[in-house]
Amino acid sequence: MKAALLTILFATILIGGDSLSVFGHRWAVEKPSDWAVEDGVLKLLVSSEPPAGQPRRPTHFALAETPMFRRVTVEAEIKRNGKSLIIVYAWQDANHYNYAHISSDTALQSNMHNGMFHIFGGERVRISAVDGSGSLPTREWTPVKLVFDGESGRCYVAVNGKRNPSLEAVDLSLRSGRVGLGSFDETGDFRNVKITGEPK
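Values in this document were obtained by computation on a predicted structure and should not be read as measured data.

What follows is about the overall build of the chain. Counting secondary structure elements, the chain contains 1 helix and 15 strands. What you see for the chain is a C-alpha radius of gyration of 15 Å, in line with the 16 Å of a compact globule of 200 residues. Counting only C-alpha atoms and orienting by the principal axes, one finds that the chain spans roughly 40 × 40 × 35 Å. Taken across its 200 residues, the chain has 50% of its residues classed as buried. Restricting the contact set of the chain to residue pairs at least 6 apart, pairs at least 24 apart contribute 66%. With an accessible surface of roughly 8800 Å², the chain has 51% of that area assigned to carbon and sulfur atoms.

Time to look at the pattern of salt bridges. The final tally for this structure, using the stated rule, is 9 salt bridges. In this structure, the salt-bridge partner of Arg56 is Glu49, at a minimum N-O distance of 2.9 Å. Salt bridges sharing partners connect three or more residues here, namely Arg70, Arg71, Asp149, Glu151 and Glu198.

Our next topic: the sheet that holds strand 1 (residues 19-22). Read from one edge of the open sheet, 8 strands run 1-2-5-14-7-8-9-10, paired in antiparallel fashion. Each end of this open sheet is capped by a strand with a single partner; those strands are strand 1 and strand 10 (125-126). As defined by bridge partners, strand 2 (residues 25-28) adjoins strand 5 (residues 61-64) across 2 bridges and the pair is classed as antiparallel. Bridge pairing links Trp27 to Ala64 in strand 5.

Turning our eyes to something else, we now look at the pairing of strand 11 (residues 142-149). Here strand 11 shows one buried face, formed by Thr142, Val144, Leu146 and Phe148, and one open face, formed by Pro143, Lys145, Val147 and Asp149. Note: strand 6 (residues 69-80) against strand 11, 8 bridges, orientation antiparallel. By the bridge assignment for strand 11, Glu77 is matched with Pro143. Pairing geometry for strand 11 and strand 12 (residues 154-159), over 6 bridges, is antiparallel. For Leu146, the partnering residue across the bridge sits in strand 12 and is Val157. Counting the residues that bridge the hairpin from strand 11 to strand 12 gives 4 residues, and of these Gly153 lies at a positive phi of roughly 80 degrees.

General note: in soluble globular proteins, nonpolar side chains tend to be found buried as a group. Of all hydrophobic cores here, the largest spans 37 residues; its most connected members are Trp27, Leu42, Ile102, Leu146 and Val193. Ile86, Val88, Trp91 and Tyr97 belong to the second largest nonpolar core, which has 10 residues in total.

Even without glycine at this site, Phe23 takes up a positive phi of about 60 degrees. Along the chain, Phe23 turns up in the loop between strand 1 and strand 2.

Attention shifts here to the pairing of strand 3 (residues 35-38). Pairing of strand 3 with strand 4 (residues 41-44), which is carried by 4 bridges, proceeds in the antiparallel orientation. Following the sheet pairing, Ala36 is matched in strand 4 by Lys43.

On average, residues of the chain score 91 in pLDDT, and 92% of them are at 70 or above. Predicted confidence is poor over residues 1-16, with pLDDT under 50, and the contacts of this stretch with residues over four places away or in other chains come to 21 contacts.

What follows concerns the sheet that holds strand 11. If you trace the 7 strands from one edge of the open sheet to the other, you get 3-4-15-6-11-12-13, paired in antiparallel fashion. The strands lining the two open edges of the sheet, one partner per strand, are strand 3 and strand 13 (162-170). Neighbour-to-neighbour, the strand axes of the sheet open up by a mean angle of 25 degrees, direction not taken into account.

Tallying each qualifying case throughout the model produces 4 aromatic pairs. Where Phe23 meets Trp27, the ring centres are 6.2 Å apart and the plane angle is 85 degrees; that geometry is what we call edge-to-face. Pairing Tyr89 with Phe148 gives two aromatic rings, centres 5.2 Å apart and planes at 50 degrees, and the pair type is tilted. Remark: Phe148 occurs in strand 11 and Tyr89 occurs in strand 7 (residues 84-93); sequence separation between them is 59 residues. No difference in accessibility class separates Tyr89 from Phe148, as the two residues are buried. Taking the ring centre of Tyr156 as reference, the NZ or CZ of Arg163 above it sits at 3.7 Å.

Calculation rules
- Residues numbered from 1 in each chain as written.
- Predicted model: local features only at pLDDT ≥ 70, side-chain atom pairs only at ≥ 80, totals over all residues.
- Heavy atoms only, no water.
- Helix = DSSP H or I, 4+ residues; strand = E, 2+ residues; numbered from the N terminus.
- Rg over C-alpha atoms; globule rule 2.2 N^0.38 Å.
- Buried < 20%, exposed > 50% of the residue type's maximum accessible area, 1.4 Å probe, protein only.
- Contact = heavy atoms within 4.5 Å.
- Areas by Shrake-Rupley, 256 points an atom, 1.4 Å probe, with all protein chains shown as cover.
- Salt bridge = Lys/Arg side-chain N within 4 Å of Asp/Glu carboxyl O.
- Pairing = 2+ DSSP bridges.
- Core = buried A, V, L, I, M, F, W, Y, C linked by side-chain atoms within 4.5 Å.
- pLDDT = per-residue confidence, 0-100.
- Axes fitted to C-alpha atoms, helices over the stretch in contact; angles between N-to-C directions.
- Phe/Tyr/Trp six-rings, centres within 6.5 Å; stacked < 30°, edge-to-face > 60°.
- Lys NZ or Arg CZ within 6 Å of the ring centre and 35° of its normal.

And the structure:
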């Protein structure tokens with residue numbers, strides 16, 4: 001019961017609670033004090049583990065207050081402080097969304113890193129191959145582009161203009177949704193974010 005209430009609370013906060021303004025959009029966040037906007041950079045300042053007692057999946061992300069997109073492209077420059085950052089896509093509610101985990105690790109080093117993941121009411125599940133190199137070898141600003149097509153269910157992320165089999169997946173259960181930026185349990189920065197898409 002407690003876990004269910006926490007999930008409902010999180011969904012309510014994301015939809016109608018606190019938000020930040022940057023990159024031409026409002027972004028819903030759970031705790032504004034964990035974030036900052038400085039000189040056009042969105043900064044995730046505080047690391048956060050997923051809530052205890054709930055399925056292990058990311059909750060620490062800023063969700064763009066946009067229409068539900070059936071096709072969307074997210075372009076950005078990202079800079080990790082730890083090993084990784086995430087881009088959420090096909091977000092429908094707090095229990096149903098996908099995300100790209102962009103990491104310095106290879107998937108063979110850690111199969112919960114550097115890949116595409118699916119949330120459908122429970123724990124995160126990997127839906128991409130474990131082939132390919134790590135995606136963020138340095139802590140410098142790195143250009144990334146996520147492209148999602150809900151008609152085919154296909155999504156991929158290009159890092160520094162290059163695609164990686166670890167960051168390509170097909171999911172036919174979540175065919176539209178919103179996008180977000182954050183981390184599973186680390187911190188980092190985002191700048192020059194551009195969202196273009198076709199609403200549902």
